[in-house]
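Inside the fold
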Protein chains: 2
Amino acid sequence: MIVQKYGGTSVGSMARIEAVANKIAATRAQGQQLVVVVSAMAGETDRLDRMARHWSPTPHPREHDVVLSTGEQTSIGLLCLCLQSRGIAAKSFTGAQAGIFTDDIHTRAHIQAIDTQPLLAALEAGYVAVVAGFQGITQHGDISTLGRGGSDTTAVALAAALRAEECQIFTDVDGVYTADPNIVPEARRLSEISFEEMLELSSEGAKVLQYRAVEIAGHYQVPVRVLSTFAPGEGTSMHFRTERKNQVSGIAYSRTEACISLSGIPSHVSWLPLLKGCQAGQWETDLWSQTPAVAGVKSLSFLVHRRDLHPVAAWARTWMAQIGGQNCSIDDKVSKITLVGLGLRSKADIITNILETLASQGISVQSLTSSEIKVSLVVDEEYLEESVHALHAAFELQHADTHLCSD
Amino acid sequence: MIVQKYGGTSVGSMARIEAVANKIAATRAQGQQLVVVVSAMAGETDRLDRMARHWSPTPHPREHDVVLSTGEQTSIGLLCLCLQSRGIAAKSFTGAQAGIFTDDIHTRAHIQAIDTQPLLAALEAGYVAVVAGFQGITQHGDISTLGRGGSDTTAVALAAALRAEECQIFTDVDGVYTADPNIVPEARRLSEISFEEMLELSSEGAKVLQYRAVEIAGHYQVPVRVLSTFAPGEGTSMHFRTERKNQVSGIAYSRTEACISLSGIPSHVSWLPLLKGCQAGQWETDLWSQTPAVAGVKSLSFLVHRRDLHPVAAWARTWMAQIGGQNCSIDDKVSKITLVGLGLRSKADIITNILETLASQGISVQSLTSSEIKVSLVVDEEYLEESVHALHAAFELQHADTHLCSD
């Protein structure tokens, strides 16, 4: 049994839905049982989201999900109708019908359990099962959505629950690259990538596969392959070997960040309550860094997803007022760049290389953190493309290497 | 408790959804518990239907419904978000969530049962309950739709199940008229109409209220009022008194018919199998009429909804081949006109008046049937407007009368 996922671009028009149906027919012809997960048609989720935000920037999450989830429901119906017109038995499933149960954190729900019975019955009866990505149902029977990119999560979670042979993520690029080929034309496609590297790349803005999908794939050891809907090829397969080399294997970036800087915080104050407030709000924050205290006050800065900027900034100002802090400034024109490699043991070399490379271009690094397999830095958004390009060259990612195969 | 239904034009844009929210707020301010049924935004069902028919004129009904039902789901979410932005607690319900169970005749399902518990709980908790019209769920958990105009049926069925004080059908006209005001400018709005008259008008193409909705209203004696979303006024209320006057009270028409004529049928052959085949296919047919046999053969003609023309024509040809009939001809350019009045006892006068009126305009009547409270006739589609206009004048429907109040 195979699980295939087709993203919004892949089902973005009637002609593209036909191309997907042809791919499905080809897989079927090999005698495979097939579960297909689809996203909303390209642009549809944005259109629905704009309507849902017409009266408030923070629409009620339950009703927001009711609106957003219609995009995928339209896709599953259309794909089934196209398959049926080609003589292929197909049956559609909304998240609820597919037994995908989530928690009740609307717009960013987590899958908690999958009742595989309805899908197994359909497969048994000879149907291609076409499942709406991105959505599920809460224990109260409310429609929930999993957040942007959630269709990847649906596909990998279904592959895990159904013990599928492989989860194939069809998208508009033909695999995972050393950097975004739109910015770095000399970027290479990787034929294999380790789970850990994929986890970091996806957590740091590489859009090819959603972070939570990678997490679930790792937890259940689901074989995942990323490949193109539009071009032939083997794509990039994710493996679970843990060879550790001291090498940068890819660069990811994110333009969706804002930086909040708090200064004049009394040195004895802990910022744990601030962090906990962000967790309680389910707000995405990252790269927390604190300067040592000078003259009895210290500074703190962190990144926040721009979507959450409004509530986080309000909460930060409230907290600063409570503790008698002095200044809160916001920069929503920053970008985050992350270099990923399995086992970056000699980080000092890498950080030196990064700083020298950017300095030679006259680009200043606003902040920088590192972990076992990644280094993240923040630059002015204006310099994002120039920085990614320079770093890709500095780490010679355009060349094949022993660690990662290139084609 | 009041049930209000808003059609597609009433929720056809963000601004119109706001106008609906204001109406709901006004009803709420009177302390009423409120269930609101909404249609898909104007044009949306057509758009979804076109997509669903992209690969076949007869898409698989189950998947057709999956696509069509998204239109209403978007509307309920948006209306709730708009109400919430005005501080009104609102909760949306898909057909399934509202406990609306139907049979499994997809695209034309009938409501079989309503579990009122979810809606009553929401009303009890102080919410305005916003329900997706036109849709339900089968006993197998499949999404079903009720056919065009099905939101009226949803509203009246909910009003019956919840024992609402009144079911208010908000639409783009301010009530029920003696004829379509677009064709007959001198048509009058009726302040009251009897159930029986409304039943006939709606079965004969008056689009103001769906036929099945009127049937259900009659069965459960639900007080129904038709009124305008856009203009003030008391609209038209439907009553259940059965005063019988010999009077034409309104004219309806339908442009969605085709006429099938079968000739050269051996006189001993019964056409009951033909009729039963149409019933089995759930195809809408009407005005069956048979001529007496001449020279051992007879003729038969009937109307069919153009939507069903393809399968009905195929079935009629099959049947004709089986029984050795001679000729099957199809005219898909006919219109049906129906004159309705409670207790048309002196039908001969009325039929004479009809035939004389149309003859004086040079319009030929292709067929004509009559019942206790209506007379239906078929004319060439080209003469539809002229015929309605002439008949409206001939029966003096522009004048107030003692039977029906005018405003």
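Attention here is on the structure that accompanies the text. (Residues numbered from 1 in each chain as written. Chains lettered and ligands numbered in written order. Predicted model: local features only at pLDDT ≥ 70, side-chain atom pairs only at ≥ 80, totals over all residues. Heavy atoms only, no water.)

Note on the identical chains: chain B maps onto chain A by a rotation of 180° and an axial translation of 0.0 Å, with an RMSD of 0.1 Å. Overall, the copies show the geometry of a two-fold rotation axis. Of every C-alpha in chain B, the one belonging to T70(B) sits nearest the axis of rotation, 2.6 Å from it. Interface overlap between copies is the fraction of interface residues in one copy that are interface residues in the other; for chain B against chain A it reaches 100%, indicating a shared surface. (Least-squares fit on C-alpha atoms with pLDDT ≥ 70 in both. Contact = heavy atoms within 4.5 Å.)

Next up on the list: the interface of chain B and chain A. Contacts between the two partners involve 39 residues from chain B, matched on the other side by 39 residues from chain A. Summing both sides of the interface, chain B and chain A together bury roughly 3000 Å²; the carbon and sulfur share of this comes to 63%. For chain B, the biggest contributors to the area lost against chain A are W55(B), Q73(B) and L81(B); these three give 24% of the whole. Linking chain B to chain A there are zero salt bridges. Where chain B meets chain A, there are 14 residue pairs in polar contact (both at pLDDT 80 or more). Put simply, the parts of the chain that give the side of chain B that touches chain A at least two residues each are helix 1 (14-29), helix 2 (44-52), helix 3 (61-68), helix 4 (70-85) and strand 3 (90-93) of chain B. Here the element with the most residues in the side of chain B that touches chain A is helix 4 of chain B; it accounts for eleven residues. Its residues assigned to classes, the side of chain B that touches chain A comprises 17 nonpolar, 14 polar and eight charged. (Buried area = accessible area lost by both parts, 1.4 Å probe. Salt bridge = Lys/Arg side-chain N within 4 Å of Asp/Glu carboxyl O. Polar contact = N/O pair within 3.5 Å; in protein donor to acceptor, adjacent residues only side chain to side chain. Helix = DSSP H or I, 4+ residues; strand = E, 2+ residues; numbered from the N terminus. Nonpolar A, V, L, I, M, F, W, Y, C, P; charged D, E, K, R; others polar.)

Bringing helix 9 (residues 272-280) of chain B into the picture now. Residues and elements named next belong to chain B. Taken together, the buried positions of helix 9 are L274, G277 and C278. Viewed end-on, helix 9 has its buried residues packed into an arc of 100°, placing them on one side of the element. For helix 9, exposure combined with an orientation more than 90 degrees from the buried face picks out K276, Q279 and A280. The positive-phi residue at the C-terminal boundary of helix 9 is Q282, with phi of around 60°. (Buried < 20%, exposed > 50% of the residue type's maximum accessible area, 1.4 Å probe, protein only. Arc of directions from axis to C-beta.)

A separate point is the state of the cysteines. Scanning the model with the defined rule gives zero disulfides over all chains in all. Between C328(A), a cysteine without a disulfide, and C259(A), which holds the nearest cysteine sulfur, the sulfur-to-sulfur distance is 10 Å. (Disulfide = S-S within 2.5 Å.)

We now examine the packing of helix 9 of chain B against helix 10 (residues 309-323) of chain B. Residues and elements named next belong to chain B. Direction vectors running N to C along helix 9 and helix 10 enclose 155°, while the axes themselves pass 10 Å from each other. On the basis of the axis angle, helix 9 is roughly antiparallel to helix 10. Helix 10 is crossed by helix 9, and the crossing has right-handed handedness. Contacts between helix 9 and helix 10 involve P273, L274, G277 and C278 on the former and, on the latter, V312, W315, A316 and W319. In the contact of helix 9 with helix 10, the residues fall into seven nonpolar, one polar and no charged. (Axes fitted to C-alpha atoms, helices over the stretch in contact; angles between N-to-C directions. Parallel < 35°, antiparallel > 145°, perpendicular 65-115°, else oblique. Left-handed = near helix turned anticlockwise from the far one by under 90°.)

Residue and element names in this part refer to chain B. Here strand 17 (residues 297-305) lies mainly inside the structure; seven of its nine residues are buried. One ladder, built from eight bridges, connects strand 15 (residues 250-266) with strand 17; its direction is antiparallel. What sits directly across from P266, in strand 17, is V297. Relative to strand 17, strand 16 (residues 285-290) runs antiparallel, the two being bridged by four bridges. From the neighbouring strand, T285 faces strand 17, where its bridge partner is V304. Once strand 16 ends, the chain turns through six residues before running back antiparallel as strand 17, passing A295 with a positive phi of about 55°. (Pairing = 2+ DSSP bridges.)

Okay, the packing of aromatic side chains next. Enumeration according to the criterion identifies eight aromatic pairs over all chains in this entry. Centre to centre, the rings of W288(A) and F302(A) are 4.0 Å apart; their planes meet at 10°, and the pair counts as stacked. You can see W288(A) sitting in strand 16 (residues 285-290) and its partner F302(A) sitting in strand 17 (residues 297-305), a full 14 residues away along the chain. Of the two residues examined, W288(A) and F302(A), each falls in the buried class. Note on Y6(B) and F170(B): the rings are 4.7 Å apart at their centroids and 10° apart in plane angle, and the pair reads as stacked. (Phe/Tyr/Trp six-rings, centres within 6.5 Å; stacked < 30°, edge-to-face > 60°.)

Quick look at the side chain of T153(A) now. Residues and elements named next belong to chain A. Structurally, T153 can be placed in helix 6 (residues 150-161). Of the residues examined, T153 reaches a relative accessible area of 3% and is grouped as buried. Residues in contact with T153, not counting those within four places in the same chain, are I111, L146, Q210, R212, A213 and I216.

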